[in-house]
Amino acid sequence: MYTASLIGRVEIHNIIFRSIVIKTPLQIWFPRYGVPVILHTDHCAAKLLPWLDGMLDASEAYFKAHGEPLFSSHMLDLSEEPMVRAHASRGGGVVGEVCTCD
(Lines give C-alpha, C1' and ligand atoms only; values in the text may rest on other atoms or scores of the structure.)
Protein backbone atom coordinates (compact mmCIF):
# COMPACT_ATOMS: atom_id res chain seq x y z
CA MET A 1 0.00 0.00 0.00
CA TYR A 2 1.40 3.36 -0.95
CA THR A 3 -1.40 5.23 0.76
CA ALA A 4 0.96 7.42 2.77
CA SER A 5 2.46 8.75 -0.45
CA LEU A 6 -0.70 10.85 -0.80
CA ILE A 7 0.31 13.09 2.10
CA GLY A 8 0.33 16.69 0.96
CA ARG A 9 -2.15 15.98 -1.84
CA VAL A 10 -5.10 14.59 0.10
CA GLU A 11 -6.44 15.41 3.57
CA ILE A 12 -4.80 13.23 6.21
CA HIS A 13 -8.05 11.73 7.54
CA ASN A 14 -8.86 10.48 4.03
CA ILE A 15 -5.46 8.82 3.78
CA ILE A 16 -5.96 7.08 7.12
CA PHE A 17 -9.45 5.98 6.09
CA ARG A 18 -8.08 4.59 2.80
CA SER A 19 -5.47 2.56 4.70
CA ILE A 20 -8.16 1.02 6.89
CA VAL A 21 -10.54 0.37 3.99
CA ILE A 22 -7.82 -1.47 2.05
CA LYS A 23 -7.10 -3.69 5.04
CA THR A 24 -10.68 -4.48 6.10
CA PRO A 25 -11.64 -6.93 3.29
CA LEU A 26 -8.49 -8.95 3.98
CA GLN A 27 -9.44 -9.18 7.64
CA ILE A 28 -12.86 -10.52 6.66
CA TRP A 29 -12.01 -12.86 3.76
CA PHE A 30 -8.72 -14.49 4.68
CA PRO A 31 -9.74 -16.04 8.03
CA ARG A 32 -12.61 -17.83 6.23
CA TYR A 33 -9.93 -19.84 4.44
CA GLY A 34 -7.78 -20.36 7.53
CA VAL A 35 -5.23 -17.74 6.47
CA PRO A 36 -4.05 -15.41 9.24
CA VAL A 37 -3.94 -11.72 8.40
CA ILE A 38 -0.64 -10.07 9.28
CA LEU A 39 -0.30 -6.53 8.00
CA HIS A 40 1.92 -3.74 9.16
CA THR A 41 2.88 -0.25 8.18
CA ASP A 42 6.37 -0.45 6.74
CA HIS A 43 9.20 2.10 6.82
CA CYS A 44 7.18 5.11 7.90
CA ALA A 45 9.51 8.09 7.48
CA ALA A 46 9.43 11.14 9.76
CA LYS A 47 7.57 13.15 7.11
CA LEU A 48 4.72 10.63 7.37
CA LEU A 49 4.29 10.94 11.15
CA PRO A 50 0.84 12.60 10.87
CA TRP A 51 -0.36 9.50 9.00
CA LEU A 52 1.25 7.13 11.50
CA ASP A 53 -0.27 9.05 14.43
CA GLY A 54 -3.70 8.70 12.83
CA MET A 55 -3.13 5.01 12.19
CA LEU A 56 -2.17 4.47 15.84
CA ASP A 57 -5.33 6.28 16.97
CA ALA A 58 -7.46 4.18 14.61
CA SER A 59 -5.72 0.99 15.75
CA GLU A 60 -6.36 1.82 19.40
CA ALA A 61 -10.04 2.55 18.77
CA TYR A 62 -10.42 -0.65 16.74
CA PHE A 63 -8.78 -2.71 19.49
CA LYS A 64 -11.10 -1.24 22.13
CA ALA A 65 -14.14 -2.07 19.99
CA HIS A 66 -13.12 -5.52 18.70
CA GLY A 67 -10.46 -6.87 21.05
CA GLU A 68 -7.97 -7.43 18.24
CA PRO A 69 -5.48 -5.16 16.49
CA LEU A 70 -6.28 -3.44 13.23
CA PHE A 71 -2.68 -3.82 12.05
CA SER A 72 -0.11 -6.30 13.34
CA SER A 73 2.61 -3.69 13.81
CA HIS A 74 3.77 -0.25 12.82
CA MET A 75 7.33 0.51 11.76
CA LEU A 76 8.94 3.90 12.16
CA ASP A 77 11.95 4.39 9.87
CA LEU A 78 14.19 7.31 10.80
CA SER A 79 17.06 6.31 8.52
CA GLU A 80 16.65 9.51 6.47
CA GLU A 81 17.02 11.64 9.61
CA PRO A 82 20.27 12.79 11.21
CA MET A 83 21.32 10.53 14.08
CA VAL A 84 20.73 13.27 16.66
CA ARG A 85 17.11 13.72 15.61
CA ALA A 86 16.48 9.96 15.43
CA HIS A 87 17.84 9.53 18.95
CA ALA A 88 15.90 12.51 20.33
CA SER A 89 12.62 11.22 18.85
CA ARG A 90 12.98 8.07 20.96
CA GLY A 91 12.86 10.20 24.10
CA GLY A 92 16.60 10.40 24.49
CA GLY A 93 18.52 13.61 24.88
CA VAL A 94 20.75 14.96 22.18
CA VAL A 95 24.07 13.22 22.58
CA GLY A 96 27.18 13.97 20.56
CA GLU A 97 27.13 15.43 17.10
CA VAL A 98 25.16 14.61 13.99
CA CYS A 99 26.45 11.38 12.50
CA THR A 100 26.10 10.70 8.81
CA CYS A 101 26.42 7.00 8.17
CA ASP A 102 27.46 6.51 4.57
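Refer to the structure above for everything that follows.
Residues numbered from 1 in each chain as written. Predicted model: local features only at pLDDT ≥ 70, side-chain atom pairs only at ≥ 80, totals over all residues. Heavy atoms only, no water.

Across its full length, the chain holds 3 helices and 2 strands. In the chain, the succession of α and β elements from N to C terminus is α-β-α-β-α. Per-residue burial over the chain gives 25% buried out of 102 residues. Counted over contacts in the chain with a minimum sequence separation of 6, partners at least 24 positions apart contribute 52%. Summing over all exposed atoms, the chain offers an accessible surface of approximately 7,300 Å²; the carbon and sulfur share of this is 59%. (Helix = DSSP H or I, 4+ residues; strand = E, 2+ residues; numbered from the N terminus. Buried < 20%, exposed > 50% of the residue type's maximum accessible area, 1.4 Å probe, protein only. Contact = heavy atoms within 4.5 Å. Areas by Shrake-Rupley, 256 points an atom, 1.4 Å probe, with all protein chains shown as cover.)

Considering all chains together, one arrives at 1 salt bridge under this definition. We note a salt bridge from Lys64 to Glu60, for which the minimum N-O separation is 3.4 Å. Of this pair, Lys64 and Glu60 both sit in helix α2 (residues 49-66), 4 residues apart, roughly one helical turn. (Salt bridge = Lys/Arg side-chain N within 4 Å of Asp/Glu carboxyl O.)

Position of Lys23 relative to the elements: it lies in helix α1 (residues 12-29). In this structure, Lys23 is buried with no salt-bridge partner, the nearest side chain bearing the opposite charge being Glu68 at 6.5 Å. At 2.9 Å, the side chain of Lys23 forms a polar contact with the backbone oxygen of Leu70. Sequence-distant contacts of Lys23, that is, excluding residues within four places in its chain, are made with Val37, Leu39, Leu70 and Phe71. (Lys, Arg positive; Asp, Glu negative; His and termini not counted. Polar contact = N/O pair within 3.5 Å; in protein donor to acceptor, adjacent residues only side chain to side chain.)

Note on soluble globular proteins: their nonpolar side chains tend to be buried together. With 10 residues, the main nonpolar core is built from Ile15, Ile16, Cys44, Leu48, Trp51, Leu52, Met55, Ala58, Leu70 and Phe71. Top contributing element to this core by residue count: α2, with 4 residues. (Core = buried A, V, L, I, M, F, W, Y, C linked by side-chain atoms within 4.5 Å.)

This next bit is on α2. Over its 18 residues, α2 runs 25 Å from end to end, which matches the ideal 26 Å to within 8%, given 1.5 Å per residue. By the burial criterion, the buried members of α2 are Trp51, Leu52, Gly54, Met55, Ala58 and Ser59. An end-on view of α2 places all buried positions within 160 degrees of arc, on one side of the element. Exposed side of α2, more than 90 degrees from the buried face: Asp57 and Lys64 are the residues found there. At its buried positions, α2 is contacted by α1, β1 (40-44) and β2 (73-76). Positive backbone phi, at 70 degrees, marks Gly67, one or two positions downstream of α2. (Expected span 1.5 Å × (residues − 1). Arc of directions from axis to C-beta.)

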